[in-house]
Amino acid sequence: MTSRLLLLPLVLLALVRGASAAEPVVVIVSSERSPAYQEAADAALAELARGGLPVGDVLQVTAAELVLQRATPRLFIALGTEPAAALAGRETRAPVLCTLLPRASFERVLRESGRRVSDQFSALYLNQPHTRQLDLVRLALPQARRVGVLWGPDTRQQEAALEAAAQGRGLKLVGAQIQPHEPVFNGLKRLLDDADLLLALADPQIYNSGSIQNILLASFRAKVPMLAFSPAYVRAGALLAVYSTPAQIGQQAGAIARGVLQGQPLGAPQYPREFSVSVNEHVARSLGLNLEPQVLTERLRRQERGS
Amino acid sequence: MKTNKPKNHLISAALSLALLASSQTAWAQGQAPISEKDYLEDMPVVLSVARLPQRLDETPGAVTILDRRMIRMSGARDVADLLRLVPGFRVSNSFESNSPQAGYHGSWGDYSNHIQVMVDGRSGYSPFLQGGTGPGLQTVAIDDIERIEVLRGSNSAAYGARAFLGIINIVTRDTVDTQGVAAHVARGDNAIQDTLVRLGWGDERARFRLTADRRADNNLSGASGPAAVNRFNFRTDLQAGASDQIELRAGQALIEAGVGFAGQVGNAPRTRVIDSSYLQLDWRRNLGPDQDLALQVSRTQEFDRDNFPYALLPGLTIDFGGHATNDNLSLQHTLRVAPTWRLVWGGELRREAVVSRPLFDTDAAFTTDFTRLFTNVEWRPQPDWVLNAGGMFERSSLSGEHVSPRLMLNWHLAQGQTLRYGVSRAYRPPSTFEKSANVRYYDPGSGALAGATFVARGGVEAEGVLSREIGYLGEFPRLGLSLDVRGFQEDVRNFVRLTTYPLSFGLQPCPAGTCAYDFVNGENFSIHGFEYQLKWQPWQGGQVMLSESFVDSGWTDNGNLAARPFSNGSLMIMQQFATGMELSLMYYRADSTNFPGANAAAPAMSRTDLRLGWPLRLDGRRGELSFVVQNLGPAYQDFIPDFHFRRQAYVMLRLEG
């Protein structure tokens, strides 16, 4: 116990020293030190470096270490939900860019902290806009008309927006509400009878490593392919996914950060500009589909630029 | 009731395993709220290489798939009924009264033993008597079936010796699809009384299904009694971890039917009972997106009770009863070696034991051990070419070693159009009865040998077939049309047939006095011809399935009959109306064919069935009321001249909740 008490002031001292040696210009706060966060941080660093900010002027800490951090940088970049929540509750003059988190998480952070979106507190979402997902449906599966969605507690509020986006593209939403603690397959069964494809929207109550087996097997049996939100789902057996990689997010966050350092406002929350499409070619083959991920990505990009 | 003992062990083992499973269903509830982790975390591989079946246009052979909708709308009460829809099949669900006949490219005897039947990957082939698929086809309730895949053509390379001319793969519904309570009741002419109750429960981690059903009727004029099947089937699917899945199945079917004829002392009226039960454990382990392992352990038991007193000799009982067991252990490894190479390989150990004092004149078990090694390589040298090369090495303690190779080349000549050519060789080893039958009768008073009917001399060897086929598969999605054509040449060698030979204590009259029956390798003959199957969705809610086969068989029953060509066909028209009402019409026809012993036994037939269905909503439960007429026309002779299939109608009420 004594050794711990001794150790703590030492650590604090070290941090204060480090901070006083050179006040960081940007502090990147990650939920944890795992490869995905590091990939995003590295991309942000590279982008900042391109803008002339030396790597030494950027400090990287985890959300847990933030408590000990008294630095007063010109910008915080929060990578993930946990640092976003931590920074939302912190008195700081520096603006906070929350990124590598889905919109639903950012909105919960706002609700729980009582903060409002401003030039001091904004976000670059990790998830894709519905318009992009539905445009991909039209490109990859032009015959599909009925888009099945399982609505859970974290996605229910997106229904109206998705409905509007679908209507504009000649698509029809077929939804099934999953009540908390209700097995997913009850709703899934109804849905698969009526849908041409299953649009998976991240919601841990519905899509998790325990439920994915049943969902993918049932949808494959029903010949209803899944359009998912991460490459892990494609590897698991979803037909395709549109997502932004941590590097793509990090790069765009770095670009926003460069703007802030040059005096531009943080701006309104935004969706990622860059994205990737991946296809499970084995699933595609067994469904008799021929999909080229690069071609789909390119066509989707062109379509977005054109509109 | 001594014979019930092992069966009870089987059932209680199944139930205790199920209880064990259900006690481990604690499932991590209370998920964390959404965060970036949902987008960044890894997921277990679900649709791994073994889970992704070959596409129809890349399989090494012709496949007919009967899906749930078709099964339901056919009004069929039996799997055998459905096989009339498959090109090349001739079916009698009344021939043996309690064991249907479904023969492909010919009817060569009382039992359909030239095709294999698999139920959820477990062989349902009965090793009793001459071997056969009859009991296997009646394993599960038709309502529990997801689809039936019929692989037309020899498939010993993948399924072993019994897949001599084809495979019937029965796939039951996933437990996800049968959650809740379901029941149906049918009543109709000829004492049709079908009842089913199904319970489905569980969660993401463990799901269960228990189905109990009874199918009963007296629809066969000329039969000495009604036919009934009482079944239960249990299945559980367990998620034993991110990459392990365990499935456990158990079931029992009690098949009873009135057989025999009044006035025939050697075939007196009686009730024959086949009591068949099974226990099956499947364990699948996923080794990544490109590799899977599957282990199966199963046991199948069959008790046959079939006896009657011999009127001419009081005290003597004629008996055909006995029991058979199959134990199986198999391991299969599926892997994608490279994007263009997919490999399946594995092995199987199988032990079949048959015990019957009446059939073998001993209480000792006749045990046959099979060792099988199999592989199939799917190679795609060009995007438009798929080569399937495979084979099975099989060692049987009864009939030695055989290799069944197969080579099939599929060429996608245009979008949606495939040509297929291939060669395969298959064997069927003789059954224990064919090899070792020893049916002797003893004077009940003195104990002296009174006579014998089947006394095998043991000389019969495996029969073989060399199949060559050319196939075409066309998919025309714009027209809603698909066409499958198969031309075939099947050269059968050493065909196993029944013969008589002089035996001093035999019973058959023959030139030398008395004779006994034996099985020998007989004629060599060729079957060639072609068949097609057309599926068409001409408009919304409508579907048409047409199939015909034209078979020129050289089989003459060893010169007793004249070889002759025959054809059969089926047409099914289904329509679902906007109101939800369904109408379907089925027409089947078959030319007369040769049948061992008596030409009159397999005359031409035709039959038309009609089904009307109305969806129901009762108390928030989904349901359906249907009305089915089978054989709208006059009664037709079903194989044996004494048997006629009459017109019959039934009404069925189905509820799901």
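Numbers given to residues run from 1 along each chain, matching the order in which its sequence is written. The naming scheme follows written order: chains are lettered A onward, ligands numbered 1 onward. Where totals are concerned, whole chains, interfaces and linings use all residues; where local detail is concerned, this predicted model gives features only for residues with pLDDT of at least 70, and gives and counts side-chain atom pairs only at 80 or more. Side-chain metrics in this entry use all non-hydrogen atoms of the structure; hydrogen atoms and water are not considered.

### Focus on the overall build of chain A
Here's step 1: Each helix and strand in chain A was counted, giving 13 helices and 11 strands.
Here's step 2: For 307 residues, the compact-globule formula gives about 19 Å, and the C-alpha radius of gyration of chain A, at 22 Å, lands near that figure.
Here's step 3: Overall, the C-alpha framework of chain A stretches about 65 × 50 × 35 Å when taken along its three principal axes.
Here's step 4: Contacts are residue-level and defined by heavy atoms, with any inter-residue pair within 4.5 Å sufficient. The long-range share in chain A, meaning contacts at least 24 apart out of those at least 6 apart in sequence, stands at 71%.
Here's step 5: Note on areas: these come from Shrake-Rupley sampling with a 1.4 Å probe, and a residue is covered only by the protein chains present in the view. Summed over all atoms, the accessible surface of chain A reaches about 13400 Å², with 53% contributed by carbon and sulfur.
Here's step 6: When the 32 positive and 26 negative side-chain charges of chain A are each reduced to one mean point, those points stand 1 Å apart. Numbering of helices and strands runs from the N terminus, with a helix taken as a DSSP run of H or I at least four residues long and a strand as a DSSP run of E at least two residues long. Only the C-alpha atoms count toward the radius of gyration. The rule for a globule is 2.2 Å times the residue count to the power 0.38. Positive charge is attributed to Lys and Arg, negative charge to Asp and Glu, and no charge count is given to His or to the chain ends. To locate a charge, take NZ of a lysine, CZ of an arginine, CG of an aspartate or CD of a glutamate.

### Brief notes about the sheet that holds strand β37 (residues 636-637) of chain B
Backbone-to-backbone hydrogen bonds pair the strands of a sheet. The strands run either parallel or antiparallel.
Residues and elements named next belong to chain B.
Here's step 1: Each pair of strands is called paired provided DSSP finds at least two bridges between the two strands. On the basis of which strands lie adjacent, the open sheet formed by three strands has the order β11-β38-β37 and antiparallel pairing. The open sheet has two free edges, formed respectively by β11 (220-221) and β37, since each of these has just one partner strand.
Here's step 2: Where β11 lies against strand β38 (residues 644-645), two bridges are found, and the strand directions are antiparallel. Looking at the pairing, Leu-220 lines up with Phe-645 of β38.

### A closer look at helix α11 (residues 246-261) of chain A
Residues and elements named next belong to chain A.
Here's step 1: Working rule for helices: expected span equals 1.5 Å times residues minus one. In this model α11 runs 22 Å from its N-terminal to its C-terminal C-alpha over 16 residues, within 8% of the 22 Å that 1.5 Å per residue would give.
Here's step 2: Whether a residue is buried, partly exposed or exposed follows from its accessible area with a 1.4 Å probe, protein chains only, as a fraction of its type maximum: under 20%, in between, or over 50%, in that order. Within α11, 12 of the 16 residues are buried, which leaves the element mostly enclosed by the surrounding structure.
Here's step 3: After α11 finishes, the residue Gly-263 shows a positive phi value of roughly 100°.

### Brief notes about the pairing of strand β10 (residues 240-243) of chain A
Residue and element names in this part refer to chain A.
Here's step 1: In β10, alternate side chains face the same way, and those of Leu-240 and Val-242 on one face and Ala-241 and Tyr-243 on the other are all buried.
Here's step 2: In terms of strand pairing, strand β9 (residues 226-228) meets β10 through two bridges, oriented parallel. Bridge pairing in β10 links Leu-227 to Leu-240.
Here's step 3: For the segment spanning β9, helix α10 (residues 231-236) and β10, crossover handedness is right-handed.
Here's step 4: Direction of pairing for β10 relative to strand β11 (residues 276-279): antiparallel, over a ladder of four bridges. In the strand pairing of β11, Val-242 is matched with Val-277. By convention, a crossover is right-handed whenever its connection, traced from the first strand over the helix to the second and viewed with the strands pointing away, goes clockwise.

### Quick word on the state of the cysteines
Residue and element names in this part refer to chain B.
Here's step 1: The disulfide criterion used throughout: a pair of cysteine sulfur atoms within 2.5 Å. Here the structure, examined in full by the defined rule, presents one disulfide over all chains.
Here's step 2: Disulfide pairing places Cys-510 opposite Cys-515 at an S-S distance of 1.9 Å. The sign of the 90° torsion about the S-S bond sets the Cys-510-Cys-515 disulfide as right-handed. In this structure, Cys-510 and Cys-515 share a single accessibility class: buried.

### Overview of the sheet that holds strand β8 (residues 197-199) of chain A
All names here are of chain A.
Here's step 1: Read across the sheet, six strands follow the order β7-β6-β8-β9-β10-β11 without closing on themselves; strand pairing throughout is mixed. The outermost strands of the open sheet, each flanked by one partner alone, are β7 (172-177) and β11. Pairwise comparison of adjacent strand axes, ignoring direction, gives a mean angle of 25° for this sheet.
Here's step 2: Bridge count between strand β6 (residues 146-151) and β7: six bridges; the pairing is parallel. Each bridged residue has a counterpart across the sheet, and for Val-149 the counterpart in β7 is Gly-175. Orientation is described by lines fitted to C-alpha atoms, with helices fitted over the stretch in contact, and by angles between N-to-C directions that extend from 0 to 180 degrees.

### Quick look at a nonpolar patch on the surface
All names here are of chain B.
Here's step 1: Patches draw on residues past 30% relative accessible area with no salt bridge. Two like charges within 9 Å are joined, as are two nonpolar side chains (Val, Leu, Ile, Met, Phe, Trp, Tyr) within 5 Å. Whenever Lys or Arg places a side-chain nitrogen within 4 Å of a carboxyl oxygen from Asp or Glu, that contact is recorded as a salt bridge. A contiguous nonpolar patch, built from Val-181, Val-197, Leu-199, Trp-201 and Leu-210 and spanning about 400 Å² of accessible area, is present on the exposed surface.
Here's step 2: Looking at where Leu-210 falls in the secondary structure, it is placed in strand β10 (residues 206-217).
Here's step 3: The exposure class assigned to Leu-210 is partly exposed, which follows from its relative accessible area of 32%.

### Examining the packing of helix α8 (residues 184-194) of chain A against helix α9 (residues 212-221) of chain A
Two numbers describe a pair of packed helices, the interaxial angle and the distance between the axes.
Residue and element names in this part refer to chain A.
Here's step 1: At a closest axis distance of 11 Å, the pairing of α8 and α9 adopts a crossing angle of 20°. Comparing their axes, α9 and α8 come out roughly parallel. Helix-helix and strand crossings are classified by hand; for α8 and α9 the assignment is right-handed. Across from Val-184, Phe-185, Leu-188 and Leu-192 in α8, the residues of α9 making contact are Asn-214, Ile-215, Ala-218 and Ser-219.
Here's step 2: Taken together, the residues that form the contact of α8 with α9 break down as six nonpolar, two polar and no charged. Just so you know how the angles are binned, under 35 degrees is roughly parallel, over 145 roughly antiparallel, 65 to 115 roughly perpendicular, and the rest oblique. In this scheme the handedness of a crossing depends on how the near helix is turned from the far one: anticlockwise by less than a right angle means left-handed, clockwise means right-handed. Lys, Arg, Asp and Glu make up the charged group, whereas Ala, Val, Leu, Ile, Met, Phe, Trp, Tyr, Cys and Pro make up the nonpolar group; the residues left over, Gly among them, are polar.

### Details of the packing of helix α4 (residues 81-88) of chain A against helix α5 (residues 103-113) of chain A
Residues and elements named next belong to chain A.
Here's step 1: As a packed pair, α4 and α5 sit with axes 10 Å apart at the nearest point and diverge in direction by 25°. In terms of their interaxial angle, α4 and α5 are classed as roughly parallel. For α4 against α5, the interelement crossing comes out right-handed. Packed against α4, whose contacting residues are Thr-81, Ala-84, Ala-85 and Ala-88, the element α5 presents Ser-105, Val-109 and Ser-113 at the interface.
Here's step 2: Looking at the contact of α4 with α5 residue by residue, the class counts come to four nonpolar, three polar and no charged.

### Points about the environment of Glu163(A)
Residue and element names in this part refer to chain A.
Here's step 1: By the secondary structure assignment, Glu-163 is in helix α7 (residues 159-167).
Here's step 2: The exposure class of Glu-163 is partly exposed, given its relative accessible area of 32%.
Here's step 3: C-alpha of Glu-163 to C-alpha of Arg-93: the two residues are 70 residues apart in sequence and 39 Å apart in space.

### Re the interface of chain A and chain B
Think of interface size as the accessible area that goes away when the parts come together; that is how it is often given.
Here's step 1: Between chain A and chain B, the residue contacts involve 48 residues of the former and 42 residues of the latter.
Here's step 2: By definition, the buried area sums, over both parts, the 1.4 Å-probe accessible area that each loses when the two are put together. Approximately 4300 Å² of surface area, both sides summed, lies buried where chain A meets chain B, with 59% of it carried by carbon and sulfur atoms.
Here's step 3: Counting every contact that joins chain A to chain B gives four salt bridges.
Here's step 4: In this structure, Arg285(A) engages Glu58(B) in a salt bridge whose closest nitrogen and oxygen atoms are separated by 2.5 Å.
Here's step 5: Any N or O atom pair separated by 3.5 Å or less is treated as a polar contact, with the protein-specific requirement of one donor-capable and one acceptor-capable atom, and with residues adjacent in sequence counted only for side-chain atom pairs. Seen at the junction of chain A and chain B, the total is 19 residue pairs in polar contact (both at pLDDT 80 or more).
Here's step 6: Those elements that provide at least two residues to the side of chain A that touches chain B are α2 (35-50), β4 (96-101), α5, α8, α9, α10 and α12 (281-286) of chain A.
Here's step 7: With seven residues, the top contributor of residues to the side of chain A that touches chain B is α9(A).

### A closer look at the side chain of Asp194(B)
Residue and element names in this part refer to chain B.
Here's step 1: If you trace the backbone, Asp-194 turns up in strand β9 (residues 192-202).
Here's step 2: Of the residues examined, Asp-194 reaches a relative accessible area of 3% and is grouped as buried.
Here's step 3: Separated by 2.7 Å, the side chains of Asp-194 and Arg-77 make a polar contact.

### With respect to the confidence of the model for chain A
Residue and element names in this part refer to chain A.
Here's step 1: The predictor reports its confidence for every residue as pLDDT, a score running from 0 up to 100. Per-residue confidence for chain A gives a mean pLDDT of 90; residues scoring 70 or more make up 93%.
Here's step 2: By mean pLDDT, the top-scoring element of chain A is β10 (98), and the lowest-scoring one is helix α1 (residues 2-21) (44).
Here's step 3: In the predicted structure, residues 1-21 sits below a pLDDT of 50 and forms four contacts with residues beyond four places in sequence or in another chain.

### Description of the packing of aromatic side chains
Here's step 1: In this scheme Phe, Tyr and Trp rings, the latter by its six-membered ring, pair at centre separations within 6.5 Å, and the angle between planes marks the pair as stacked below 30 degrees, edge-to-face above 60, and tilted otherwise. According to the stated counting rule, one finds 23 aromatic pairs over all chains in the structure shown.
Here's step 2: Taking 5.2 Å as the distance between ring centres and 15° as the angle between the ring planes, the aromatic pair formed by Trp201(B) and Phe208(B) counts as stacked.
Here's step 3: Aromatic pair Phe454(B) and Tyr517(B): ring centres 4.9 Å apart, planes at 35°, arrangement tilted. Placement of Phe454(B) in strand β25 (residues 449-455) and of Tyr517(B) in strand β30 (residues 513-521) is noted, with a sequence separation of 63 residues between them.
Here's step 4: Chaining the aromatic ring pairs together yields one cluster made of Phe360(B), Phe366(B), Phe433(B), Phe454(B), Tyr517(B) and Phe519(B).
Here's step 5: Over the aromatic face of Phe275(A) sits the side chain of Arg301(A), whose NZ or CZ is 5.4 Å from the ring centroid.
Here's step 6: Any Lys NZ or Arg CZ that is within 6 Å of a ring centre and within 35 degrees of that ring's normal is treated as a charge sitting over the ring. Here Arg77(B) stacks its cationic end above the ring of Tyr650(B), 6.0 Å away from the centre of that ring.

### Focus on the nonpolar core
Here's step 1: Side-chain atoms within 4.5 Å link the members of a nonpolar core, which is a set of buried Ala, Val, Leu, Ile, Met, Phe, Trp, Tyr and Cys residues. Ranked by internal contacts, the top residues of the largest apolar core, which has 92 residues, are Val26(A), Leu150(A), Tyr207(A) and Met226(A).
Here's step 2: Two domains each put at least three residues into this core: domain 1 (10-124) and domain 2 (130-243 + 275-305) of chain A.
Here's step 3: Membership of the second largest hydrophobic core comes to 45 residues, among which are Leu66(B), Ala102(B), Trp108(B) and Met586(B). For the domains described, the bounds stem from an automatic or database domain assignment.

### Section: the environment of Arg273(A)
Residue and element names in this part refer to chain A.
Here's step 1: Checked against the element boundaries, Arg-273 lands in the loop between α11 and β11.
Here's step 2: For Arg-273, a relative accessible area of 46% gives the class partly exposed.
Here's step 3: A C-alpha to C-alpha distance of 15 Å links Arg-273 and Glu-47, two positions 226 residues apart in sequence.
Here's step 4: In this structure Arg-273 touches Arg-132 and Gln-252, once residues within four positions along its chain are discounted.

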